[in-house]
Amino acid sequence: MGLDSAPVRTSAFWDGLYASRSDGWELGHPAPPLAAWLSAGGAFSAPDSGEPARVAVPGCGRGHDARLLARQGYRVSGFDFAEVAIAEARALAQAEGLTVSFEQRDILTLEGDHRGSFDGVWEYTCFCAIDPARREEYVRLVHAILKPGGRLLGCFYPLREGTDGPPFPVSVAEIEVVLSPWFGIVEAGPPADSAERRRGLEWLVLARRL
């Protein structure tokens with residue numbers, strides 16, 4: 001979409017896309033990079049608590065990834081700007097008999113209620129959906145809602161040139177720069193699996209909160 005960044009700051013913009021099914025990012029199933037990471041033994045941990053790790057999914061959409069994480073035993077909270085998406089996410093989780101907390105929120109306001117609440121964050125297609133001028137603010141927010149030593153698993157997309165969006169383009173260099181004040185990168189590289197139309201356009205990063 002050759003759009004400027006202003007509309008993406010409003011929930012009405014996203015509600016409209018969901019309601020009209022103009023949601024080209026929707027896969028209809030969990031993200032292959034996350035599924036592959038979990039299948040390979042990737043895990044979020046909750047140090048010394050004895051309880052399953054708490055994982056946040058900002059920009060969760062219809063909650064496919066949140067439900068996958070819940071099936072893995074995590075305590076999951078999904079957040080999305082779009083009321084339509086949250087309503088569908090709740091219905092899908094209920095149909096599967098899964099306990100997932102879904103909140104309709106501007107994700108950049110989460111710190112007040114969720115500071116230091118999570119052991120892990122799964123980021124996918126949120127970084128590329130928000131106004132690019134607010135990416136540093138978003139990374140600071142992710143840092144704030146994680147516990148000390150918490151992990152960010154992020155699959156950044158799309159790796160391409162240009163400025164149009166959403167999805168707004170990303171680059172490996174930008175990812176490293178925006179993360180570096182707040183996170184130490186543990187691993188980074190192409191994901192083990194991607195949706196066919198996203199192959200070669202994704203960069204998976206596992207990072208530890210500093």
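Cut-offs applied
Residues numbered from 1 in each chain as written. Predicted model: local features only at pLDDT ≥ 70, side-chain atom pairs only at ≥ 80, totals over all residues. Heavy atoms only, no water. Axes fitted to C-alpha atoms, helices over the stretch in contact; angles between N-to-C directions. Helix = DSSP H or I, 4+ residues; strand = E, 2+ residues; numbered from the N terminus. Parallel < 35°, antiparallel > 145°, perpendicular 65-115°, else oblique. Left-handed = near helix turned anticlockwise from the far one by under 90°. Contact = heavy atoms within 4.5 Å. Nonpolar A, V, L, I, M, F, W, Y, C, P; charged D, E, K, R; others polar. Pairing = 2+ DSSP bridges. Core = buried A, V, L, I, M, F, W, Y, C linked by side-chain atoms within 4.5 Å. Buried < 20%, exposed > 50% of the residue type's maximum accessible area, 1.4 Å probe, protein only. Phe/Tyr/Trp six-rings, centres within 6.5 Å; stacked < 30°, edge-to-face > 60°. Lys NZ or Arg CZ within 6 Å of the ring centre and 35° of its normal.

(A) Expanded view of the packing of helix α6 (residues 135-145) against helix α7 (residues 172-179). Remark: α6 packs on α7, axes separated minimally by 9 Å, with the N-to-C direction vectors making an angle of 50°. As summarised for this structure, α6 and α7 are arranged oblique, according to the angle between their axes. Of the two elements, α6 crosses α7, and the hand of that crossing is right-handed. In this structure, α6 contributes Arg 135, Glu 136 and Val 139 to the contact, and α7 contributes Glu 174, Val 178 and Leu 179. Residues belonging to the contact of α6 with α7 are distributed by class as follows: 3 nonpolar, no polar and 3 charged.

(B) Highlighting the pairing of strand β3 (residues 101-104). With 4 bridges connecting them, strand β2 (residues 75-80) and β3 associate as parallel partners. Bridge pairing links Ser 77 to Ser 101 in β3.

(C) Summary view of unusual backbone geometry. For the peptide bond that leads from Tyr 157 to Pro 158, omega is -5°, which places it in the cis range. With respect to the helices and strands, Pro 158 occurs in the loop between β5 (146-156) and α7. A positive phi angle is found at Thr 125, which is not glycine, with a value near 60°. By the element assignment, Thr 125 lies in the loop between β4 (118-124) and α6.

(D) Focus on the nonpolar core. In terms of nonpolar packing, the biggest core is built from 30 residues, with Leu 34, Leu 69 and Trp 122 touching the most fellow members. Contributing elements (two or more residues each) for this core: α2 (32-39), β1 (54-58), α3 (64-71), α4 (83-96), β4, β5 and β7 (203-209). Here this core takes 4 residues from α3, the largest share from any one element. Ile 130, Val 139, Leu 179 and Val 205 belong to the second-largest nonpolar core, a separate cluster that totals 25 residues.

(E) Structural context of the packing of α3 against α4. One can describe the packing of α3 onto α4 by two numbers: an axis separation of 10 Å at closest approach and a directional angle of 30°. As far as their axial angle goes, α4 and α3 are roughly parallel. α4 is crossed by α3, and the crossing has right-handed handedness. When α3 is examined against α4, the residues His 64, Arg 67 and Arg 71 are found in contact with a partner set consisting of Leu 92, Ala 93 and Glu 96. By residue class, the composition of the contact of α3 with α4 is 2 nonpolar, 1 polar and 3 charged.

(F) Structural view of the sheet that holds β1. Taking strand neighbours across the sheet as the criterion, the 7 strands line up as β3-β2-β1-β4-β5-β7-β6 in an open arrangement whose pairing is mixed. Of all the strands in the sheet, just β3 and β6 (183-189) have a single pairing partner and so form its edges. Within this sheet the neighbouring strands show an average axis-to-axis angle of 20°, counted without direction. Where β5 and β7 come together, 6 bridges link them in antiparallel fashion. Residue pairing across strands places Arg 151 opposite Arg 208, the latter belonging to β7. Running over the sheet, α4 touches β2 and β3 and is turned about 165° from β3.

(G) Summary view of the packing of aromatic side chains. Evaluated as defined, the whole model comprises 6 aromatic pairs. The interplanar angle of 55° and the centroid separation of 5.2 Å between the aromatic rings of Trp 37 and Phe 44 together place this pair among those described as tilted. For Trp 37, a relative accessible area of 13% puts it in the buried group. Both rings, one in Trp 122 and one in Tyr 124, keep their centres 5.7 Å apart while their planes meet at 25°; by these two values the pair is stacked. Assigned by exposure class, Trp 122 and Tyr 124 land together as buried. Site record: aromatic cluster; members linked through ring pairs are Trp 37, Phe 44 and Tyr 74. When the ring centre of Tyr 157 is taken as origin, the NZ or CZ atom of Arg 198, which lies over that ring, is 4.8 Å away.

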